[in-house]
Amino acid sequence: MFLSEKQGIFSDKEIGIPMAQGVQEKVLAKIRRQGRSWAFSHVDFAGAGSRDAIDKAMERLQREETIRRVIRGIYDFPAFSKMLDRTLGPDIYQVSQALARKFGWRIQPDGASALNLMRVSTQVPAQYVFQSDGPTRTYEIGTTEVRFIHKAIKEMNFECDETAVITHGLKSLGSEHVDDRTIQKIRRWLPEDRRKKVLHDSRRVTGWVHEAIRRISEEGTGG
């Protein structure tokens, strides 16, 4: 067992390679638990070791091509498509969430971005827009622009991130455009183990939106 950083008896440099390996094992274990496409920064490994040790662990994992550097300070655990026989690009929603955690922002996608994130819209956007209680900033992720716009967000009390995505997406469509096909697409996007939580989380949203979420959450998993 390694001495904790709080004990302050030895530094990472004094302990040497075993400490570094221990930190890397902790970092890799969490990455694997989160699964493919997960994006992250050093803040997601608080408690695994010192900032320097965590940074070095991620650098080693990047050199080994276990993880991928998306933008400065943000990495992901790339997903591979057997059908396409290639590594997929970064998941924009995961990258946006990683940036929000890194800087302590609360974010929500605008309507058009929410529809793309849920794959309700088949158009590949050149820009994703998120409302944020942080500063207005723009990031280039490959050929995609991710823009965070500072705005007083009214619907910030959701416990589940998915509730905000679905709510903004449905409102952007309007009740007249939410049909069975739309419900099925959102259901496929929303993990089954999150559906009851999202339904409960949405109890105070506009009536027709809550009814649509009920259909998404309570009907069968087919479609």
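I will try to describe carefully the structure that is included in this document. (Residues numbered from 1 in each chain as written. Predicted model: local features only at pLDDT ≥ 70, side-chain atom pairs only at ≥ 80, totals over all residues. Heavy atoms only, no water.)

**What to know about the overall build of the protein chain**
A count of helices and strands for the protein chain gives 9 helices and 9 strands. For the protein chain, with 223 residues in total, the buried portion stands at 44%. Contacts spanning at least 24 positions in sequence make up 57% of the contacts within the protein chain whose residues lie at least 6 apart. Total accessible area on the protein chain stands at roughly 13,100 Å², and carbon and sulfur atoms take up 48% of it. (Helix = DSSP H or I, 4+ residues; strand = E, 2+ residues; numbered from the N terminus. Buried < 20%, exposed > 50% of the residue type's maximum accessible area, 1.4 Å probe, protein only. Contact = heavy atoms within 4.5 Å. Areas by Shrake-Rupley, 256 points an atom, 1.4 Å probe, with all protein chains shown as cover.)

**What about the pattern of salt bridges?**
A full pass over the atoms with the stated rule returns 9 salt bridges. Two residues, Arg101 and Asp44, come together in a salt bridge whose shortest N-O distance is 2.7 Å. Taken as a pair, Arg101 in helix H4 (residues 92-103) and Asp44 in the loop between strand E1 (39-40) and helix H3 (51-63) lie far apart in primary sequence, 57 residues in all. Judged by relative accessible area, which is 34%, Arg101 ranks as partly exposed. Accessibility expressed as a relative area gives 9% for Asp44, which makes it buried. (Salt bridge = Lys/Arg side-chain N within 4 Å of Asp/Glu carboxyl O.)

**As for the pairing of strand E9 (residues 144-150)**
Here 6 bridges tie strand E7 (residues 127-132) to E9, and the two strands are oriented parallel to one another. Its bridge partner being in E9, Ser132 is matched across the sheet by His150. Counting the residues in the hairpin turn of strand E8 (residues 137-141) and E9 gives 2 residues, including Gly142, whose phi is positive at 65°. (Pairing = 2+ DSSP bridges.)

**Topic: the sheet that holds E1**
If you walk across this open sheet you meet the 3 strands as E1-E3-E2, and the pairing is antiparallel. Looking at strand neighbours, the two that pair on one side only are E1 and strand E2 (68-71), the edges of this open sheet. In the sheet, E2 pairs with strand E3 (residues 74-76) via 3 bridges, with the strands oriented antiparallel. Residue pairing for E3: Arg68 is matched across the bridge by Asp76.

**Quick notes on the packing of aromatic side chains**
Scanning the entire structure with this criterion turns up 8 aromatic pairs. Ring centres of Tyr139 and Phe148 lie 6.0 Å apart, and the angle between their planes is 80°; on these two criteria the pair is classed as edge-to-face. Both residues of the pair, Tyr139 and Phe148, count as buried. Each residue in the set Phe103, Trp105, Phe130, Tyr139 and Phe148 is aromatic and connected to the rest through ring pairs, giving one cluster. Its guanidinium or amino end placed over the ring of Phe45, Lys30 lies 5.8 Å from that ring's centre, counting from NZ or CZ. When the ring centre of Phe77 is taken as origin, the NZ or CZ atom of Arg36, which lies over that ring, is 3.9 Å away. (Phe/Tyr/Trp six-rings, centres within 6.5 Å; stacked < 30°, edge-to-face > 60°. Lys NZ or Arg CZ within 6 Å of the ring centre and 35° of its normal.)

**Describing the side chain of Lys185**
With respect to the helices and strands, the residue Lys185 is situated in helix H7 (residues 180-189). Buried charge without a partner: Lys185 forms no salt bridge, and the closest opposite charge is Asp179, 7.7 Å away. Excluding its chain neighbours within four sequence positions, the residues that come into contact with Lys185 are Met118, Arg119 and Val120. (Lys, Arg positive; Asp, Glu negative; His and termini not counted.)

**As for the packing of helix H6 (residues 161-173) against helix H9 (residues 207-218)**
It is the contact of H6 with H9, at a shortest axis distance of 10 Å, that shows an interaxial angle of 120°. Here H6 is positioned oblique relative to H9, judged by the angle of their axes. Crossing angle aside, the handedness with which H6 passes H9 is right-handed. Counting all contacts with H6, which are made through Ile166, Thr167, Leu170 and Lys171, the residues of H9 involved are Trp208, Val209, Ala212, Ile213 and Ile216. Class assignment of the residues belonging to the contact of H6 with H9 gives a composition of 7 nonpolar, 1 polar and 1 charged. (Axes fitted to C-alpha atoms, helices over the stretch in contact; angles between N-to-C directions. Parallel < 35°, antiparallel > 145°, perpendicular 65-115°, else oblique. Left-handed = near helix turned anticlockwise from the far one by under 90°. Nonpolar A, V, L, I, M, F, W, Y, C, P; charged D, E, K, R; others polar.)

All quantities given are derived from atomic positions and should not be read as evidence of function.
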